[in-house]
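What follows is the residue order along each chain.
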Amino acid sequence: MTRTVAPGALAGSVRIPASKSQAHRLLICAALGAAPVALQLDGFSDDILATVHCLTALGADIQKTPDGLRVAPIARVPEGLCELPCRESGSTLRFLLPVCGLLGANAVFLREGRLAERPLAPLDAQLTQHGMTLRAEGARLYCSGRLTGGEFALPGNISSQYITGLLLALPFLQESSSLRLTTALQSAAYVRMTEQALEAGGGRLTREADGWDIPGGQTARLPDVLPVEGDWSSAAFFLCAGALSQRGVTVSGLRRDSAQPDRAVLTLLQEFGASAEWTAQDAVTVRRQTLHAVTIDAGQIPDLIPILSVIAAAADGETHIINAARLRLKESDRLSSVAQMLTALGGRVRELPDGLDILGGAPLSGGTADACGDHRIAMSAAIAAALCTAPVTVRGSETTSKSYPRFWDDLETMKGATP
């Protein structure tokens, strides 16, 4: 689908949907737990539904309620081959692979889009060394065998999702395990979110300098009702829209003390020169002031780079985005797709092997940007219309449903987007 966004800044307020990062983790802990749990969440993105459908295929009973989802734990894995439609969700695939081993499930993951091309090594090697069998046939990934405990080792600089997948499974094995990191941990806050999800159910992990010691034989006992907090990753788009607006944008539904790494967007916007302040218990208002170039280390916040690149295009001087090689392994090659998007709209970008240099300070011309099958590129292009002198046409706009299904509706309330 193609949508065209009128040029000019946004103004108004929006309530942000539920965090898919937290929802994935709590859904899995609830499905592995001792009793039913009511998850309170606002909105169901494609990625959240992928995890719901996969857990249902593994034997969980998950029902929609007026407030969110009710999750009854897996009592028994269905016999035969379980088909797990993980769609394009890397989190669903990487979190549930070790869980399938925990359950001894005979399963096939049905991968869509670019997911089959995204790496699984060295997580796959660790799983096969501990009792599992994995076999890929095109977009279908078959797994079988029962995961055994013991000593696991993973690098910390490839994907925190590998680490989360093991941490979600290992406590529920009968035997104890250890997980050691062979390199420094990037995206550490996402791993902290995993620890918090386990702790909510009484999980015990001993953090060591180079990893975790994980007692086996645990049972997750979550509260009867658990709220899922608002999504800072989705909020970043409208918070950045506020940084391009003299009137400002207010985003509500957020937690100040969230462990979500993309909460860092507020600090980064302030470093660019924008005004950002909490105007209610759960609401932040951002307004434009004089913006200037900065240097951004993408190591802990890779998902913020597409939309922060739009702010860089508005800021006086040259912004440098560094330590960003991992962005090439996302739904698109995000260094390439960000550079293409900004260039198509009249921006000045130099793509580097592990980063971007963006020369800002001049209005963009507008034009047509291809989402490249990537939800964050589509939303970033739409927000970039605030800098443009002519409309922005976004090809592949439907991809926003992966994380933020009502993005276009929320955008329209503040400016208007026409199909």
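This is a predicted model, so every value here is computed, not measured. (Residues numbered from 1 in each chain as written. Predicted model: local features only at pLDDT ≥ 70, side-chain atom pairs only at ≥ 80, totals over all residues. Heavy atoms only, no water.)

Notes on empty space enclosed by the protein
Under the counting rule described, the total for this entry stands at two cavities of 30 Å³ or more. There is about 430 Å³ of room inside the largest cavity. In this structure, the largest cavity is lined by 30 residues; those nearest its centre are S91, R118, Q161, D303 and K330. Breaking the lining of the largest cavity down by element, the ones donating at least two residues are α1 (20-31), α3 (90-103), α5 (160-169) and α11 (375-384). Considering every element that reaches the lining of the largest cavity, the biggest residue donor is α3, with four residues. Split into classes, the residues belonging to the lining of the largest cavity amount to seven nonpolar, 10 polar and 13 charged. (1 Å grid on protein atoms, 1.4 Å probe; cavity = no way out; pocket = protein on both sides within 12 Å on 5 of 7 lines; lining within 4 Å. Points joined across faces, edges and corners; volume = space filled by probe spheres on them. Helix = DSSP H or I, 4+ residues; strand = E, 2+ residues; numbered from the N terminus. Nonpolar A, V, L, I, M, F, W, Y, C, P; charged D, E, K, R; others polar.)

Topic: the sheet that holds strand β14 (residues 225-227)
Taken together, four strands build an open sheet; the order of strands is β4-β5-β3-β14 and the sheet is mixed. Whereas interior strands pair on both sides, the edge strands pair on one side only; in this sheet they are β4 (61-65) and β14. Averaged over all adjacent pairs, the angle separating strand axes in this sheet is 20 degrees, with direction ignored. When β4 meets strand β5 (residues 68-72), the two strands line up antiparallel, connected through five bridges. Bridge pairing in β5 links I62 to V71. (Pairing = 2+ DSSP bridges. Axes fitted to C-alpha atoms, helices over the stretch in contact; angles between N-to-C directions.)

Quick word on the packing of aromatic side chains
Here the distance between the centres and the angle between the planes together describe a pair of aromatic rings. Per the stated rule, a full pass over the model turns up five aromatic pairs. Look at F238 and Y404: their rings are 6.1 Å apart centre to centre, the planes differ by 75 degrees, and that puts the pair in the edge-to-face class. Taken together, the positions of F238 in helix α7 (residues 232-242) and Y404 in the loop between β23 (392-395) and α12 (407-414) put the pair 166 residues apart, joining distant regions of the chain. Y404 shares its class with F238; the two are buried. The structure contains a cluster of three or more aromatic residues connected by ring pairs, namely F238, Y404, F407 and W408. A cation over an aromatic ring shows up here: K64 above the ring of F44, its NZ or CZ 4.9 Å from the ring centre. Seen from the ring of Y142, R135 lies directly overhead, with NZ or CZ sitting 4.4 Å from the centre. (Phe/Tyr/Trp six-rings, centres within 6.5 Å; stacked < 30°, edge-to-face > 60°. Buried < 20%, exposed > 50% of the residue type's maximum accessible area, 1.4 Å probe, protein only. Lys NZ or Arg CZ within 6 Å of the ring centre and 35° of its normal.)

Side note on the sheet that holds strand β13 (residues 211-214)
Within the open sheet, the four strands sit side by side as β10-β11-β13-β12. Their pairing is mixed. A single partner strand is all that each edge strand has here, and the edge strands are β10 (150-154) and β12 (206-208). Looking at each pair of strands side by side, their axes are set apart by 15 degrees on average, direction ignored. In terms of strand pairing, strand β11 (residues 177-181) meets β13 through four bridges, oriented antiparallel.

Brief notes about the environment of Q218
Checked against the element boundaries, Q218 lands in the loop between β13 and β14. Take Q218: its relative accessible area is 8%, and that puts it in the buried class. Taking the C-alpha atoms as reference points, Q218 and Q270, separated by 52 residues in sequence, lie 43 Å from one another. Excluding residues within four positions of it along the chain, Q218 makes contact with P171, F172, G202, G203 and R204. (Contact = heavy atoms within 4.5 Å.)

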